[in-house]
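If you want the building blocks of each chain, they are given just below.
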Amino acid sequence: MQIKWNNKPQKQTRELTYIKESSQLWMKKLLKRINSLCIDFNFTLCKKRPEQERRKISLYWKEMSSIRQQKKDLRPIYNSNDLLNLITEMRNPNLKADCGSDHSLPALLQLRLKWLSFVDVKNRFATFLDAIINKEQAENVFEVLDSQEVKGALEICKTGCPPGNRGSLWKLAVGLDEQRNNQNYYQYMKDLYLEYEMMIDSIIEEDIAGTVTNDDQYFVFEEFIYQILLPFTRDPHTIFEFIQILR
């Protein structure tokens, strides 16, 4: 198969425009379905929570699944087939393939992406497969944590971390710092969640309940996912990125 590239100037400077347009189309479709739900079933996009409900959520913050109220009229705003159709319908306007009149590639996904072969992946991560945590490595872990050596933490993470020190090592390796301002920022978003109820909250809760709780590997993290996803829907940076996509 011979690949030819279209060298039009307007396409060269905006190579990923078609991906952004697909994202905009997807977001607008979701917004339209959310608005339809609100109109059909008289749901409110955003409203202030009653004081009693606010106190109850705050009291059961680490057990959110036990107080989750399912809305019987709430239906999913998308399914896996919708997302699959969006991806499979993407076409790169810069790419032309001589494999038929419709210029389609002989595959389900029409985006030509480069990735490593199975052999390359296996060779690259061979050290992960052979890693054995022994007494000497455990001693190295404590030395690295005491000295706060980032390079040492990276090397240990490459070969596997002891379960008891996994969080501390990865925080050191990726440069996470539990500063007071970060904790305050999370508390700020949590307070916004406690104060205001949004329509999107119910959709996220239904999504978590329908996927995480039915997965053998993730159901134990259900409460943590609630505590992370729900407050971050109030993050101004997330809202700003969402608005930028729609523009």
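- An unreviewed UniProt entry annotates the protein chain as TBC1 domain family member 19-like originating from Octopus sinensis.

Quick word on the side chain of Arg234
Argument step 1. Within the element layout of this structure, Arg234 appears in the loop between helix 12 (222-232) and helix 13 (236-246).
Argument step 2. A relative accessible area of 7% places Arg234 in the buried class.
Argument step 3. A polar side-chain atom of Arg234 sits 2.8 Å from the main-chain carbonyl oxygen of Tyr196.
Argument step 4. In this structure, Arg234 is in contact with Arg49, Met189, Leu192, Tyr193, Tyr196, Glu197, Met198, Asp201 and Ile239, ignoring residues within four places of it in sequence.

Description of the nonpolar core
Argument step 1. Grouped together as the largest cluster of nonpolar side chains are 13 residues, with contacts concentrated most on Ile57, Trp61, Met64, Tyr193, Ile208, Tyr226 and Leu230.
Argument step 2. Phe43, Leu74, Leu86 and Met199 belong to the second-largest nonpolar core, a separate cluster that totals eleven residues.

Re unusual backbone geometry
Argument step 1. The phi angle at Gln148 is positive, at roughly 55°, despite the residue not being glycine.
Argument step 2. Tracing the sequence through the fold places Gln148 in the loop between helix 7 (135-147) and helix 8 (150-159).

Quick look at the packing of helix 2 (residues 17-41) against helix 4 (residues 80-88)
Argument step 1. The contact between helix 2 and helix 4 brings their axes to 10 Å, and the two run at 155°. Comparing the axis directions of helix 2 and helix 4 gives the class roughly antiparallel. Our pair here, helix 2 against helix 4, has a crossing hand that is right-handed. Contact with helix 2, carried on its side by Ser22, Trp26 and Arg33, involves Asp82, Leu83 and Leu86 of helix 4 and no other residues of that element.
Argument step 2. The residue inventory of the contact of helix 2 with helix 4, partitioned by class, reads three nonpolar, one polar and two charged.

A word on the confidence of the model for the protein chain
Argument step 1. On average, the protein chain scores 75 in pLDDT, and the residues at 70 or more come to 75%.
Argument step 2. For the protein chain, the element scoring lowest by mean pLDDT is strand 1 (residues 3-5), at 35; helix 3 (residues 51-59) scores highest, at 91.
Argument step 3. Scored below 50 in pLDDT, residues 1-15 makes 26 contacts in the model with residues more than four places away or belonging to other chains.

Some details on a nonpolar patch on the surface
Argument step 1. Together, Tyr218, Phe219, Val220, Phe221, Phe224, Ile228 and Phe232 give the surface a local cluster of nonpolar side chains, amounting to about 720 Å² of exposed area.
Argument step 2. Inspection of the secondary structure assignment puts Tyr218 in the loop between helix 11 (199-211) and helix 12.

Conventions used here
- Residues numbered from 1 in each chain as written.
- Predicted model: local features only at pLDDT ≥ 70, side-chain atom pairs only at ≥ 80, totals over all residues.
- Heavy atoms only, no water.
- Helix = DSSP H or I, 4+ residues; strand = E, 2+ residues; numbered from the N terminus.
- Buried < 20%, exposed > 50% of the residue type's maximum accessible area, 1.4 Å probe, protein only.
- Polar contact = N/O pair within 3.5 Å; in protein donor to acceptor, adjacent residues only side chain to side chain.
- Contact = heavy atoms within 4.5 Å.
- Core = buried A, V, L, I, M, F, W, Y, C linked by side-chain atoms within 4.5 Å.
- Axes fitted to C-alpha atoms, helices over the stretch in contact; angles between N-to-C directions.
- Parallel < 35°, antiparallel > 145°, perpendicular 65-115°, else oblique.
- Left-handed = near helix turned anticlockwise from the far one by under 90°.
- Nonpolar A, V, L, I, M, F, W, Y, C, P; charged D, E, K, R; others polar.
- pLDDT = per-residue confidence, 0-100.
- Patch = residues over 30% accessible without salt bridge, like charges linked within 9 Å, V, L, I, M, F, W, Y side chains within 5 Å.
- Areas by Shrake-Rupley, 256 points an atom, 1.4 Å probe, with all protein chains shown as cover.
- Salt bridge = Lys/Arg side-chain N within 4 Å of Asp/Glu carboxyl O.

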